[in-house]
Amino acid sequence: NIKQAIDQGANLATHLGNGCAGLINRHHNPIWPQLADDRLTISIICDGFHLPPDVIKVFYKVKGTDHIIITSDITSYAGMPPGEYKIKTGETIVKTPDGNLKFSGQEGGLYGSASPLPKGVGHIMKVTGCSLADAIQMATVNPARLFNLNDRGTLEPGKRADIILFSMDNFNMKIRKTIVQGELVYESE
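Thresholds, definitions, all that
Residues numbered from 1 in each chain as written. Predicted model: local features only at pLDDT ≥ 70, side-chain atom pairs only at ≥ 80, totals over all residues. Heavy atoms only, no water. Phe/Tyr/Trp six-rings, centres within 6.5 Å; stacked < 30°, edge-to-face > 60°. Helix = DSSP H or I, 4+ residues; strand = E, 2+ residues; numbered from the N terminus. Buried < 20%, exposed > 50% of the residue type's maximum accessible area, 1.4 Å probe, protein only. Core = buried A, V, L, I, M, F, W, Y, C linked by side-chain atoms within 4.5 Å. Contact = heavy atoms within 4.5 Å.

**So, the packing of aromatic side chains**
- Applying the stated criterion across every chain yields a total of three aromatic pairs.
- Ring plane angle 75 degrees and centroid distance 5.9 Å describe the contact between Tyr77 and Tyr111, whose orientation is recorded as edge-to-face. Separated by 34 residues along the polypeptide, Tyr77 in the loop between strand 3 (68–71) and strand 4 (83–86) and Tyr111 in strand 7 (residues 110–113) bring together distant segments of the chain.
- What makes Tyr77 buried here is its relative accessible area of 15%.
- What makes Tyr111 partly exposed here is its relative accessible area of 29%.

Here you go:
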């Protein structure tokens with residue numbers, strides 16, 4: 001029972017809207033109670049494949065900026081070129097040019113994601129109309145708060161100084177520099 005789990009301290013719904021059976025009861029299913037309980041934060045995969053835009057819009061309207069974490073289901077195939085790949089189980093997956101990872105021959109059979117978190121930032125902005133500040137909060141501040149990582153998540157004196165400098169172009173984030181604990185660890189050309 002989801003309410004019992006929340007009453008016992010559960011505070012995060014992981015990858016809400018994914019991992020459900022293909023056919024679920026329209027009223028009695030695990031999604032509604034997770035959306036309905038204000039004590040629960042939800043994490044959602046905003047890669048453009050895991051959740052349809054309307055679902056993301058509804059989740060955003062119900063939970064708001066403070067109770068959503070943008071996450072990724074990124075796999076090791078993220079850096080690979082489009083094509084077919086054999087996985088350890090012997091099955092074949094396909095990476096499409098737009099970054100979708102799916103099982104070969106299965107319509108809608110997601111394998112995972114090839115999209116990094118910055119894609120989710122742009123996608124949730126595009127789908128919901130939320131601000132860049134709200135999208136960044138959902139990707140940084142909210143997870144740090146949920147996991148009590150008090151030394152990061154915001155830019156304040158005494159915190160780790162984990163910073164990403166980026167530009168946005170048509171909802172696509174281009175990372176320019178990455179700074180971890182105040183040290184430059186990446187710079188684009």
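**Notes on the nonpolar core**
- With 25 residues, the main nonpolar core has Ile42, Ile44, Phe59 and Ile124 as its most contacted residues.
- For this core, the secondary-structure elements that each account for two or more residues are helix 2 (31–36), strand 2 (41–45), helix 3 (53–63), strand 3, helix 4 (117–128), helix 5 (132–139) and strand 9 (172–180).
- Broken down by element, the residue count for this core peaks at four residues, all from helix 4.
- Dropping the residues within four chain positions of it, Ile44 is found in contact with Leu16, Leu51, Ile56, Phe59, Ile68, Ile69, Ile70, Thr71 and Ile124.
- Counting seven residues, the second-largest nonpolar core is a separate cluster that includes Ile87, Leu101, Phe103 and Ala114.

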